[in-house]
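# What the coordinates show
If you want the building blocks of each chain, they are given just below.
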Amino acid sequence: MKTGLVLEGGGVRGIYTAGVLDVFMEAGLTFDGVMGVSAGAIHACSYLSGQKGRSIRYYRKYVGDPRFMSLRSWLKTGDIVGADFCYRELPDVLDVYDHDAFLANPTPYWAVCTDVETGEPAYIRLTDMRGQIDYLRASASLPYFSRIVNLDGHSYLDGGCSDSIPVQAMRRMGYGRNVVVLTRDASYRKKPEMTAMARLVYRKFPAFVRALERRHEMYNAQLALVEQLAQEGSAFLIRPSRPLEIGRLERDPARVQRVYDQGAADARAALKSLKEWMERK
C-alpha cells in the first residue's frame with residue numbers, strides 16, 4: 001500500500017512544517033507521494049530537492065524584508081507576499097533552488113489550489129519548478145491579500161480555501177496510508193469567518209464566496225477524519241505539541257525560528273513511532 005505525505009498550510013505558521021521536513025531529511029524518510037497546501041506546498045519543494053535547512057535559512061533572513069512580505073507590497077502590487085522577489089529572485093539568485101535534484105526525485109508531488117470560478121480544489125501535479133512556479137504561488141495566494149492568479153484558462157487562490165487537509169484526495173489517488181503534518185495543535189477547531197467582505201471583494205465569484213462561508217465546516221470535518229484515520233492506523237499525525245506563538249503573517253525572525261525549532265522537536269519526538277508505523281504493512 002502506498003504511503004503519502006500531506007502538508008497543511010497556514011502562512012508563516014507553516015515554518016513549523018519546515019522543521020518537521022528537515023528532521024525527515026535527517027532520518028532519510030521518503031514517501032510514495034506528497035501533497036502540499038499553501039505554505040505546505042512551499043516547504044515541500046525544499047524537501048523534495050533535498051535542501052535541508054533552506055526554508056528556515058531564507059525565512060530567517062528575509063521574513064522581515066518588505067520585499068518578502070509587507071503591507072507596502074500589498075498596497076503597491078495587490079500581493080502582500082512579493083511575487084517577483086519570492087518566486088523569482090529568491091529561488092533563482094538569493095538562495096538558489098536545486099532544480100536538478102527536484103527533477104531527479106521520482107516522488108509525485110501535487111500543490112492544491114482553489115479555482116475561484118468553481119470554488120473547488122484543483123490538484124496540480126508539479127514536475128518542473130521553473131515552468132510551474134506560478135502554480136506554487138497560486139496555492140499560497142491568500143484571499144484578500146493576493147491577486148487572483150490566472151493560469152491556463154483558470155483563476156486560482158489559496159488551496160486551503162477549498163481543501164485544507166487533502167487526505168481524502170490522496171486516498172482517492174491510491175495512497176491508503178498517509179502521514180499528515182498539521183500546523184494547529186490538538187485543541188484547535190476553526191470558527192466561522194466573517195464573510196461580508198468576501199461577498200463584496202469576490203462578488204463575481206459566488207462559488208468561491210460559498211467555499212469561504214463553508215470553510216470552517218470543511219476544515220473541522222477534515223480534522224475529525226484525519227483523527228479517526230489515525231486511530232484506525234491508516235494515518236499518522238504530527239502537529240504542534242502546544243499552540244504556535246506566531247502570526248499568519250509574522251515578520252519577527254526570532255518567532256519564526258522558535259516555531260521551526262518546535263516543528264523539529266515534535267518530529268524528533270515522534271520519529272521512533274513514525275518509523276515503526278511506516279514499517280507496518
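Structure: see above.
Residues numbered from 1 in each chain as written. Predicted model: local features only at pLDDT ≥ 70, side-chain atom pairs only at ≥ 80, totals over all residues. Heavy atoms only, no water.

## Quick look at the overall build of the protein chain
Rules: Going along the chain from the N terminus, every DSSP run of H or I of four or more residues is numbered as a helix, and every run of E of two or more is numbered as a strand. Radius of gyration here is computed from C-alpha atoms only, and the compact-globule reference equals 2.2 Å multiplied by the residue count raised to the power 0.38. Buried means the residue's accessible area, taken with a 1.4 Å probe over protein chains only, is under 20% of the maximum for its type, while exposed means over 50%, and partly exposed covers the values in between. Here, two residues are considered to be in contact whenever any of their heavy atoms come within 4.5 Å of each other. For the accessible areas, the method is Shrake-Rupley and the probe is 1.4 Å, while residue cover comes only from the protein chains on display.
For the protein chain, the count of helices and strands is 12 helices and eight strands. Relative to the globule expectation of 19 Å for 281 residues, the C-alpha radius of gyration of the protein chain, 18 Å, shows essentially globular dimensions. Overall size of the protein chain, expressed as C-alpha extent along the three principal axes, is 50 × 40 × 35 Å. Within the protein chain, buried positions represent 58% of all 281 residues. The contacts in the protein chain between residues at least 6 apart in sequence include a share of 73% that link residues at least 24 apart. Surface accessibility of the protein chain: about 12,400 Å² in total, with carbon and sulfur atoms responsible for 51%.

## Quick look at the packing of aromatic side chains
Quick reminder of the rule: Note on ring pairs: Phe, Tyr and Trp rings are taken, using the six-membered ring of Trp, and paired if centres are within 6.5 Å. Classes follow the plane angle, with under 30 degrees stacked, over 60 edge-to-face and the rest tilted. Over a ring means this: the NZ of a Lys or the CZ of an Arg is within 6 Å of the ring centre and within 35 degrees of the ring normal.
In total, this model carries 14 aromatic pairs according to the counting rule given. Three or more aromatic residues link up through ring pairs in this structure, and these residues are Phe24, Phe31 and Tyr47. If you follow Lys2 out to its NZ or CZ, it ends over the ring of Tyr175, 4.2 Å from the centre.

## Some thoughts on helix α11 (residues 215-232)
Applicable threshold: Helix span, as expected, comes to 1.5 Å for every residue beyond the first.
Relative to the 26 Å expected for 18 residues at 1.5 Å per residue, α11 spans 26 Å between its end C-alpha atoms, a close match to the ideal helical length. At the C-terminal side of α11, Gly233 shows a positive phi close to 95 degrees.

## Quick word on a nonpolar patch on the surface
Using the following cut-off: Exposure above 30% relative accessible area and the lack of any salt bridge qualify a residue for a patch; like charges then connect within 9 Å, and the nonpolar side chains Val, Leu, Ile, Met, Phe, Trp and Tyr within 5 Å. In the sections that follow, a salt bridge refers to a side-chain nitrogen of Lys or Arg positioned within 4 Å of a carboxyl oxygen of Asp or Glu.
Where nonpolar side chains cluster on the molecular surface, the patch consists of Met197, Leu200 and Val201 and spans about 280 Å² of accessible area. Val201 gets classed as partly exposed once you look at its relative accessible area, which sits at 40%.

## Quick notes on the environment of Arg172
Within the element layout of this structure, Arg172 appears in helix α8 (residues 167-172). Accessibility expressed as a relative area gives 61% for Arg172, which makes it exposed. Sequence separation between Arg172 and Ser141 is 31 residues; the distance between their C-alpha atoms is 25 Å.

## Observations regarding the nonpolar core
As a reminder, the rule being used: Each nonpolar core is a collection of buried residues, namely Ala, Val, Leu, Ile, Met, Phe, Trp, Tyr and Cys, held together in the definition by side-chain atoms within 4.5 Å.
One finds Leu5, Phe24, Phe68 and Tyr109 to be the most contacted residues of the largest nonpolar core, which totals 64 residues. Among the elements that line this core, the one with the most residues is helix α12 (residues 253-279), at nine residues. For Phe24, the contacting residues outside a window of four places in its chain are Leu5, Leu29, Phe31, Tyr47, Val179, Ile238 and Leu274. Among the nonpolar cores identified, the runner-up in size contains 18 residues, and Val112, Val167, Tyr219 and Ala235 belong to it.

## Examining helix α2 (residues 39-48)
Residue pairs spaced three or four apart in an α-helix point in one direction, given the helix's 3.6 residues per turn. Extensive coverage of α2 is indicated by the burial of 10 of its 10 residues. With its phi angle positive at about 70 degrees, Gly50 sits one or two positions after the end of α2.

## Regarding the pattern of salt bridges
Where charged atoms from two side chains of opposite charge approach closely, those side chains can pair. One pass over the full model with this rule turns up 15 salt bridges. Taken together, the shared-partner salt bridges connect Glu26, Lys52 and Arg268 into one network.

## Describing unusual backbone geometry
The backbone phi angle of Ser38 is positive, close to 55 degrees, even though this residue is not glycine. With respect to the helices and strands, Ser38 occurs in the loop between β2 (33-37) and α2. On the accessibility criterion, Ser38 (3% relative accessible area) is buried. Its identity is not glycine, yet Tyr144 carries a phi of approximately 75 degrees, on the positive side. Relative to the elements of secondary structure, Tyr144 occurs in the loop between α7 (133-139) and β5 (149-151). Tyr144 sits in the partly exposed class, given a relative accessible area of 26%.

## So, the packing of helix α1 (residues 15-27) against α2
Note the following rule: Here an axis means a line fitted to C-alpha atoms, over the contact stretch when the element is a helix, while the angle between two N-to-C directions is reported on a 0 to 180 degree scale. Angles are sorted into four bins: roughly parallel if under 35 degrees, roughly antiparallel if over 145, roughly perpendicular if 65 to 115, and oblique for all others. The sense of a crossing depends on the near helix, which, turned anticlockwise from the far helix by less than a right angle, makes the crossing left-handed and, turned clockwise, makes it right-handed. Under the convention adopted here, Pro, Cys and the residues Ala, Val, Leu, Ile, Met, Phe, Trp and Tyr are nonpolar, Asp, Glu, Lys and Arg are charged, and Gly plus all remaining residues are polar.
Interhelical geometry of α1 versus α2 gives an angle of 20 degrees and a closest axis separation of 9 Å. As the angle between them shows, α1 and α2 are arranged roughly parallel. Every pair of crossing elements has a handedness; the one defined by α1 and α2 is right-handed. When α1 is examined against α2, the residues Ile15, Ala18, Leu21, Phe24 and Met25 are found in contact with a partner set consisting of His43, Ala44, Ser46 and Tyr47. Broken down by class, the residue content of the contact of α1 with α2 amounts to seven nonpolar, two polar and no charged.

## Points about the packing of α1 against α12
Two elements in contact, α1 and α12, have axes separated by 7 Å at closest approach and are oriented at 45 degrees. With respect to α12, the axis of α1 lies oblique. The way α1 lies across α12 gives a crossing that is right-handed. Here Ile15, Tyr16, Ala18, Gly19, Val20, Asp22, Val23, Phe24, Glu26 and Ala27 of α1 lie close against α12, whose contacting residues are Val256, Val259, Tyr260, Gln262, Gly263, Ala264, Asp266, Ala267, Arg268, Leu271, Leu274 and Lys275. Considering only residue class, the contact of α1 with α12 consists of 14 nonpolar, three polar and five charged.

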